[in-house]
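# Descriptive structure summary
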Amino acid sequence: MVSKRIQKALLGNSAIRAMFVEGKAMAEKYGAENVYDFSLGNPATPAPAALNDAIRALLDESDAIEGGSLELHGYMENAGYSEVRQEIAENLNKRFGTGFDAHNIIMTVGAAGGLNIIFKTILDPGDEVIVFAPFFGEYRQYAANFDAELVTVQPNEADFQPDLTDFEAKITSKTKALIVNTPNNPTGVIYKPETMKKIAEILERKQQEYGTDIYLISDEPYRELVYDGNLEDFLTKYYKNTLVGYSFSKSLSLPGERIGYVVVPNEASDAEDLIRGIEISNRTLGFVNAPSLIQKAVARCLDEKTDVAFYDENRVMLYEGLTKLGFTCIKPEGAFYLWVKSPVVNEEDFVNEGKKYNILMVKGSAFGCPGYVRLAYCVSHETVKKSLAAFAKLAETYR
């Protein structure tokens, strides 16, 4: 029999992944061109040509050197190749005015791996991790991995910016971390500098009140996906106890390669212990180190970016199309998700109704916020265009 922990995890299995499987089955039955699958944030844009060129060049260079493949495909420090980490540190310094070096960077198995090694390093059983609803549902499982409690701040449904009054009220002596995800999955909203400054002020005040360290964990897979003149931001400048988890999955369209990094600033409390603990957690959780070849490839492509204009076209087309049909939507400022209010109280009924027209949406309760659905518009332009006729039929159902 499986463990009680896994029995509980099975009950809360990812609704997004379940819909991904369902979408594959529907595509086989009706034809992929007739299914409008907005379930999974799987980038439709290809990886930059420079990334594929970098992989080829690395393999050629390795073949040309005796024993080169041992270096390219072998073990390295648990934190990753030092030269890769230094390249990333210098790139961040250039872009955001930070002062990092290789010592501050730990290469990870994607953002998910990064969050888990951070949690293993900082959390004790019974500790609390605060999240702003709606939030990426897997945070629940990541906290449960280490017997911590997830504490949810209720959403501000006017604009889905954080409710800072509720946030401050939810902080206790057990609070160990706050996760911030901006641009946000699933709403696409961006937390502006003035919001981050207020969050930092609250955290500083509560650290003083309880005599504890509270870490702000910035989950940043969508950092580069911003629209309408919004700027990429890096949150370490607002609060010294900020830890950053990053993934190249969206910025370089590499979700299957599982490559990212964690940043621990020197200013963070117990920074040296944090860095060593995260490195040890990388090993003891079984990652050992991030994949070797892709580490070196992304280090050569740090100034590359996915085609944000492609997503922007989908964003405008879908947002304007659905609002014209009478749906209430939050206009995304970043990422590639549209957050839509369900026309009925139980959004699962709305999701099921959409399936009759081959539309796949993810229920808001999967993100801790019932009454809404999420659409991932990282699909082809043609899928968005064709889906609007199906959404028109769906709208008629509720008119």
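Refer to the structure printed above.
The structure displayed is predicted, hence computed values, not measured ones.

In this section: the packing of aromatic side chains. Evaluation of the coordinates by the stated rule reveals 22 aromatic pairs. Summarising the aromatic geometry, the rings of Phe327 and Phe391 are spaced 6.3 Å apart at their centres and angled 75° between planes, so their arrangement reads as edge-to-face. In this pair, Phe327 is assigned in the loop between α12 (308-324) and β9 (329-330) and Phe391 in helix α14 (residues 381-398), connecting sequence segments 64 residues apart. Like Phe327, the residue Phe391 is buried in the burial classification.

The next point concerns the environment of Ser82. Inspection of the secondary structure assignment puts Ser82 in helix α5 (residues 82-96). Residue Ser82 is classed as partly exposed on the basis of its relative accessible area, which comes to 34%. In this structure, Ser82 is in contact with Glu77 and Ala102, ignoring residues within four places of it in sequence.

A separate point is the pattern of salt bridges. Counted according to the given criterion, the structure contains 23 salt bridges. A salt bridge links Glu224 to Arg223; its shortest N-O distance comes to 3.2 Å. Judged by its relative accessible area of 6%, Glu224 is buried.

Attention now goes to the sheet that holds strand β8 (residues 260-263). Note: strands within a sheet are paired through backbone hydrogen bonds, in either parallel or antiparallel orientation. Within the open sheet, the 7 strands sit side by side as β2-β8-β7-β6-β5-β3-β4. Their pairing is mixed. Both edges of this open sheet fall to β2 (105-108) and β4 (149-153), since each of them pairs with a single strand only. On average, each strand axis in the sheet is inclined to that of its neighbour by 20°, with strand direction left out of account. Judged from the 4 bridges that link them, β2 and β8 form a sheet pairing that is antiparallel.

Within the open sheet, the 4 strands sit side by side as β9-β10-β13-β12. Their pairing is antiparallel. Both outer strands of the open sheet, β9 and β12 (362-363), are each paired with one neighbouring strand and no more.

Here we take up the nonpolar core. It is characteristic of soluble globular proteins that their nonpolar side chains tend to be buried jointly. By size, the foremost hydrophobic cluster in this structure holds 66 residues, and its most contacted members are Phe167 and Phe391. No other element matches the 6 residues that α12 contributes to this core. Not counting residues up to four positions away in its chain, the partners in contact with Phe167 are Ile130, Phe132, Val153, Leu178, Ile199, Ile202 and Leu203. Listed in part, the 31 residues of the second largest apolar core include Ile55, Leu58, Met107 and Tyr261.

Conventions and cut-offs
Residues numbered from 1 in each chain as written. Predicted model: local features only at pLDDT ≥ 70, side-chain atom pairs only at ≥ 80, totals over all residues. Heavy atoms only, no water. Phe/Tyr/Trp six-rings, centres within 6.5 Å; stacked < 30°, edge-to-face > 60°. Helix = DSSP H or I, 4+ residues; strand = E, 2+ residues; numbered from the N terminus. Buried < 20%, exposed > 50% of the residue type's maximum accessible area, 1.4 Å probe, protein only. Contact = heavy atoms within 4.5 Å. Salt bridge = Lys/Arg side-chain N within 4 Å of Asp/Glu carboxyl O. Pairing = 2+ DSSP bridges. Axes fitted to C-alpha atoms, helices over the stretch in contact; angles between N-to-C directions. Core = buried A, V, L, I, M, F, W, Y, C linked by side-chain atoms within 4.5 Å.

By themselves, these figures tell us nothing about what the structure is for.
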